[in-house]
Amino acid sequence: MPKTLGMKCRECGEEYPLAPIHVCELCFGPLEVMLNWEEVSKKVSRKSIEAGPPSMWRYHDLIPVEGPPTVGLNVGFTPLVKATNLGKLLGLNNLYIKNDAVNHPTLSFKDRVVATALTKAREFGYDTVACASTGNLANSVAAHAAEGGFKSYIFIPFDLEQGKILGTLVYGTNLISVNGNYDEVNRMCAEAGGKYGWAFVNINLRPFYGDGSKTFGYEIAEQLGWRAPHHVVVPCAGGSLVSKIYKGFNELDRLGLLDGGVPTKMYAAQALGCSPITTAIKNKAEIFKPQKPNTIARSIAIGNPADGHVAIDTVRKSGGWAEDVTDEELIDGIKLLASTEGIFTETAGGVTVAVARKLAAQGRFEKDEIVVLAITGNGLKTQEAVAEHLGKPVLIQPNLTSLEQALNTERLLQSV
Ligand SMILES: *Cc1c(COP(=O)(O)O)cnc(C)c1O
Ligand SMILES: [Zn+2]
């Protein structure tokens, strides 16, 4: 029996055979892959998972590919770090950082979705992969295409950070910089997908891509000793990750692998300059209003999120909430996580930390509850964001007199 039974519309329930498609022909709702739960529940146990490799593929039985992974075999199983110092500041005794800033190989959670999508692209028989990206997806598709021997075409808005551009070009891909914002890039790619017959990982392969994100949730639960946390704060772009983490917890619970069920409340975090999801949640609106992005948090600057409705629905159903922060606040968030926990995250992570601080101040977390922050990307890729906010190193001559003089200046004394 195959592991995957077909696809199903999340909105109207219409079913489709398994194929590289992502929207329902009847209602334009997003499609999801249907796992064969009868087969899956026979195979999966805590033991079977714990005996697996130290990567996202320890959950292979729950990832919608048929054969063994062929791309990205070392992705995932990143540290879940107990954040004692930051916790103290926020008044929380059980604060954790799920740290995908150190995900292998391209330092963001996107390696999870790409490993899944490219393994599936190979199963569908594609030799060319593509994506529309706000940066991290570009890095990851380029790297995994190189590893997997795919041709690749990657489309980005022209004004991305240097680190994201170099971190794509280095893998030898076809990088196409589009004079427009992400939503315009994405719209063009949706048309190109049909024309050229490429596997667009976040368009026609989106249902498979999205389920790669479930592993972020599986890992949190396993690393907490097989229990789901009380709260998870997640940065939202297209809106996929937040709902897939929640889906991951609920699947483990359905398999009877969790102690204490799924008490988890999910929180959406966005930058104020691009906040269609958080605005809708805070206004208790049924639908989100697309926005024109204006924020330095480029990686999550999607004004018309493909899974926006799913994200809003997930946050509501879970009893969570949403917040957004200014660019100034997100820069403070980056510095706060670095100076308390020694973790350098990118702009999206700064948003997550700053939003968590707001939510804590609103009294949304009990002090002993387990709170997890989804840190999804690495600060070395978005250095522009903090470059002007960190001061400069102190320059001295290579002798002790010069050192002594420097140590006597106010600036160094303050920092000792
Ligand atoms: C893509 C991305 C996100 C958001 O992912 P979605 O699933 O599109 O909501 C969050 N953080 C970082 C760093 C990203 O690159
Ligand atoms: Zn439908």
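Residues numbered from 1 in each chain as written. Chains lettered and ligands numbered in written order. Predicted model: local features only at pLDDT ≥ 70, side-chain atom pairs only at ≥ 80, totals over all residues. Heavy atoms only, no water.

**Quick word on the overall build of the protein chain**
Consideration 1: When helices and strands are counted, the protein chain shows 17 helices and 13 strands.
Consideration 2: Relative to a compact globule of 416 residues, whose C-alpha radius of gyration would be 22 Å, the protein chain shows 21 Å and is just as compact.
Consideration 3: When its C-alpha atoms are laid out on the principal axes, the protein chain stretches across 75 × 50 × 45 Å.
Consideration 4: For the protein chain, with 416 residues in total, the buried portion stands at 57%.
Consideration 5: Long-range contacts, defined here as pairs at least 24 residues apart, represent 69% of the contacts in the protein chain between residues at least 6 apart.
Consideration 6: Of the roughly 17,500 Å² of accessible surface on the protein chain, a fraction of 52% belongs to carbon and sulfur atoms.
Consideration 7: Distance between charge centroids for the protein chain: 2 Å, based on 41 positive and 44 negative side chains. (Helix = DSSP H or I, 4+ residues; strand = E, 2+ residues; numbered from the N terminus. Rg over C-alpha atoms; globule rule 2.2 N^0.38 Å. Buried < 20%, exposed > 50% of the residue type's maximum accessible area, 1.4 Å probe, protein only. Contact = heavy atoms within 4.5 Å. Areas by Shrake-Rupley, 256 points an atom, 1.4 Å probe, with all protein chains shown as cover. Lys, Arg positive; Asp, Glu negative; His and termini not counted. Charge placed at Lys NZ, Arg CZ, Asp CG, Glu CD.)

**A short note on the sheet that holds strand β3 (residues 31-35)**
Strand pairing in a sheet takes place through backbone hydrogen bonds and is either antiparallel or parallel in direction.
Consideration 1: Across the sheet, which stays open at both edges, the 3 strands sit in the order β2-β1-β3 with antiparallel pairing between neighbours. Pairing within the sheet leaves two strands with one partner each, and these edge strands are β2 (15-16) and β3.
Consideration 2: Where strand β1 (residues 4-9) and β3 come together, 5 bridges link them in antiparallel fashion. Its bridge partner lying in β3, C9 is registered against L31. (Pairing = 2+ DSSP bridges.)

**Some remarks on the domain arrangement of the protein chain**
Consideration 1: Here the protein chain is described as being made up of domain 1 (4-72 + 110-209) and domain 2 (80-106 + 213-389).
Consideration 2: Computed from C-alpha coordinates alone, the two centres of domain 1 and domain 2 are separated by 21 Å.
Consideration 3: Taken over both partners, the interface formed by domain 1 and domain 2 buries close to 3,500 Å², and the fraction arising from carbon and sulfur atoms is 48%.
Consideration 4: Among the residues of domain 1 in contact with domain 2, W37, R46 and R112 are the three that bury the most area, contributing 22% of the side total.
Consideration 5: On the surface where domain 1 and domain 2 come into contact, there are 8 salt bridges.
Consideration 6: We note a salt bridge from D100 to R112, for which the minimum N-O separation is 2.7 Å. (Domains from an automatic or database assignment. Buried area = accessible area lost by both parts, 1.4 Å probe. Salt bridge = Lys/Arg side-chain N within 4 Å of Asp/Glu carboxyl O.)

**Remarks on the packing of aromatic side chains**
Geometry of an aromatic ring pair is reported as the spacing of the ring centres plus the angle between the planes.
Consideration 1: Counted by the stated rule, this structure contains 8 aromatic pairs.
Consideration 2: Taken together, a centroid distance of 4.8 Å and an interplanar angle of 15° make the contact between Y196 and W198 stacked.
Consideration 3: A relative accessible area of 48% means that Y196 is categorised as partly exposed.
Consideration 4: Against the face of F77 rests R58, its NZ or CZ located 4.1 Å from the ring centre. (Phe/Tyr/Trp six-rings, centres within 6.5 Å; stacked < 30°, edge-to-face > 60°. Lys NZ or Arg CZ within 6 Å of the ring centre and 35° of its normal.)

**A few points about the site of ligand 1**
Consideration 1: Near ligand 1 you find 15 residues, and of these K110, G238, G239, L241 and T376 are the closest.
Consideration 2: With respect to ligand 1, the side chain of K110 contributes an N or O atom lying 2.8 Å from an oxygen atom.
Consideration 3: Here an oxygen atom of ligand 1 sits 2.9 Å away from a polar atom, N or O, in the side chain of N136.
Consideration 4: Calculation on ligand 1 without its partners gives an accessible area of 380 Å², and the protein chains cover 97% of this total.
Consideration 5: Of the residues assigned to the shell around ligand 1, the class counts are 7 nonpolar, 6 polar and 2 charged. (Near = heavy atom within 4 Å. Polar contact = N/O pair within 3.5 Å; in protein donor to acceptor, adjacent residues only side chain to side chain. Nonpolar A, V, L, I, M, F, W, Y, C, P; charged D, E, K, R; others polar.)

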